[in-house]
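# Structure assessment
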Amino acid sequence: MYRSTSMQELMSNKPEWVAAIEKEYSDRLSKQRPSQFLFPLIQRTYGMEEVIAMTKVVLSGQLTMSDNVRRFEAEFAAYVNCPYAVMVNSGSSANLLALAALVNKVRQRHLNTGDEVLVPAVCWSTTLAPILQLGLKPVLVDVDPATLNIDLADVRRKITANTRAMMIVHVLGNCAPMGPLMEIVNQHNLLLIEDTCESLGSRYNGKMLGTFGAFGSYSFYYSHHLTTGEGGMVSISPARSPAHAHPPTHSPTPPHTHTPPTHAPTQTPTIVLVLL
């Protein structure tokens, strides 16, 4: 059936389905009430552009990891300035994958059953659970009440002859003094994992959090700085870890050449990516 094209459609040169989705999205958005809270617990982290992009992915039929994911991994690695990044389904899985890589017996340097892993008392369940799941022994370390991050004095007290690794959590965009912490890591030859799920984009003396240790974990859950609805990432630094989480399937783009600020930490705004 012939259908006349409106002037607006001619001007925008958009497919009909895009115009229809934009109208539906705008209509629904206009009916939503604004939050009564100054700082709401959760708010919308995507807009019209992301809705259209998600629809394009569904229409493409590529509903598993594909070109968008490979580009995202490469761009993420470049953004945090590490050699490789591997996307997973959640920040929880990112923690598990990083620890699983460290217990892999193929590695020249690996963790063994019963090895002690220092972990801050303020953490998420999915920071602690993989340590237990993989047969390691978590040792809870107190936190600095001013930052809620791991307390270095208590780190020193908790280190024993069986301590082999440390899994720190960068809480709410903040971090422990990474300079002194790395001195402890190097002095005791510890493997370090950084749970950076709450602090993507924060830096310490110009260096991105999540890139100091062997692995960094990130979450793209709906309420985090950058969201894919669900999702996570593992950053891999071979210089700090002789073996990768798994052989990379692509070559990442070159790191950014801009000079990052030297203060720490800073936070990035919430944005959304559509993957697959």
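A few words on the overall build of the chain. When you go through the chain residue by residue, the secondary structure sums to 8 helices and 11 strands. The proportion of buried residues among the 276 residues of the chain is 43%. Across the chain, the fraction of contacts at a sequence separation of at least 24, relative to all contacts at a separation of at least 6, is 64%. Put simply, the chain shows about 15200 Å² of open surface, and 56% of that area lies on carbon and sulfur atoms.

Attention now moves to the side chain of Glu73. With respect to the helices and strands, the residue Glu73 is situated in helix H4 (residues 67–80). Among the polar contacts made by the side chain of Glu73, one reaches the main-chain amide nitrogen of Met87 at a distance of 2.8 Å.

Further remarks concern the confidence of the model for the chain. On average, residues of the chain carry a pLDDT of 82, and 82% of them reach 70 or more. Considering only residues more than four positions removed or in separate chains, one finds that residues 242–276, a stretch of pLDDT under 50, has 94 contacts.

All right, on to helix H6 (residues 125–133) then. Within the sequence span of H6, burial applies to Thr127, Pro130 and Ile131. Burial along H6 is one-sided: seen end-on, the buried residues are contained in an arc of 105 degrees. Opposite the packed face of H6, turned more than 90 degrees from it, sit the exposed residues Ser125, Leu132 and Gln133. Looking one or two places after H6, you find Gly135, whose phi comes out positive at around 80 degrees.

Turning our eyes to something else, we now look at the sheet that holds strand S2 (residues 116–120). Strand order across the open sheet formed by 7 strands is S1-S10-S8-S5-S4-S2-S3, with mixed pairing between neighbours. The open sheet has two edge strands, strand S1 (84–88) and strand S3 (137–141), and neither has a second partner. Sheet twist, expressed as the average angle between the axes of neighbouring strands with direction ignored, equals 20 degrees. Sheet topology places strand S4 (residues 163–169) next to strand S5 (residues 191–195); 5 bridges connect them, and they run parallel. Each residue of the ladder has a partner; that of Met167, found in S5, is Ile193. Most of the contacts of H4 go to S1, to which it runs at about 130 degrees, and overall it touches S1, strand S8 (215–219) and strand S10 (232–236). In this fold H6 packs onto S2, S3, S4 and S5, with an angle of close to 145 degrees to the strand it touches most, S3.

This part covers the packing of helix H2 (residues 16–30) against helix H3 (residues 48–60). The description of two packed helices rests on the angle between their axes and on the distance between the axes. Put simply, H2 and H3 touch, their axes get as near as 10 Å, and they point 135 degrees apart. Relative to H3, the element H2 lies oblique. Of the two possible hands of crossing, H2 and H3 adopt the one that is right-handed. Counted together, Trp17, Val18, Ile21, Glu22, Tyr25 and Ser26 of H2 and Met48, Val51, Ile52, Thr55, Lys56 and Leu59 of H3 form the full contact between these two elements. Residue composition of the contact of H2 with H3, by class: 8 nonpolar, 2 polar and 2 charged.

With 5 of 5 residues buried, S8 lies mostly within the body of the structure. Burial of the side chains of S8 extends over both faces: Phe215, Ser217 and Ser219 are buried on one face and Gly216 and Tyr218 on the other. Across 3 bridges, the pairing between S5 and S8 is parallel. Considered in S8, the bridge of Ile193 is made with Phe215. Inspection of the sheet shows S8 paired to S10 by 5 bridges, in the antiparallel sense.

If you walk through the whole model with that rule in mind, you get 5 aromatic pairs. Here the aromatic rings of Phe72 and Phe76 are separated by 6.0 Å at their centres, their planes lie at 80 degrees, and the arrangement is edge-to-face. Here Phe76 and Phe72 lie together in helix H4, a separation of 4 residues that amounts to about one turn. Exposure class is identical for Phe72 and Phe76. Each is buried. Ring geometry for Phe76 versus Phe220: centroids 5.9 Å apart, planes at 75 degrees, classification edge-to-face. Of this pair, Phe76 sits in helix H4 while Phe220 sits in the loop between S8 and strand S9 (226–227), and the two are 144 residues apart along the sequence. Each member of the pair, Phe76 together with Phe220, is buried. Taken together through their ring pairs, the aromatic side chains of Phe72, Phe76, Tyr218 and Phe220 make up a single cluster. A cation over a ring is seen here: Lys207 above Phe212, with NZ or CZ 5.3 Å from the ring centre.

Moving on, we come to the pattern of salt bridges. Throughout the structure, instances matching the rule amount to 7 salt bridges. Across the pair Lys137 and Glu116 runs a salt bridge whose closest N-O atoms are separated by 4.0 Å. With a gap of 21 residues between them, Lys137 in strand S3 and Glu116 in strand S2 connect regions that are remote in the sequence. You can call Lys137 partly exposed: its relative accessible area is 45%.

Reading guide: rules and limits
Residues numbered from 1 in each chain as written. Predicted model: local features only at pLDDT ≥ 70, side-chain atom pairs only at ≥ 80, totals over all residues. Heavy atoms only, no water. Helix = DSSP H or I, 4+ residues; strand = E, 2+ residues; numbered from the N terminus. Buried < 20%, exposed > 50% of the residue type's maximum accessible area, 1.4 Å probe, protein only. Contact = heavy atoms within 4.5 Å. Areas by Shrake-Rupley, 256 points an atom, 1.4 Å probe, with all protein chains shown as cover. Polar contact = N/O pair within 3.5 Å; in protein donor to acceptor, adjacent residues only side chain to side chain. pLDDT = per-residue confidence, 0-100. Arc of directions from axis to C-beta. Pairing = 2+ DSSP bridges. Axes fitted to C-alpha atoms, helices over the stretch in contact; angles between N-to-C directions. Parallel < 35°, antiparallel > 145°, perpendicular 65-115°, else oblique. Left-handed = near helix turned anticlockwise from the far one by under 90°. Nonpolar A, V, L, I, M, F, W, Y, C, P; charged D, E, K, R; others polar. Phe/Tyr/Trp six-rings, centres within 6.5 Å; stacked < 30°, edge-to-face > 60°. Lys NZ or Arg CZ within 6 Å of the ring centre and 35° of its normal. Salt bridge = Lys/Arg side-chain N within 4 Å of Asp/Glu carboxyl O.

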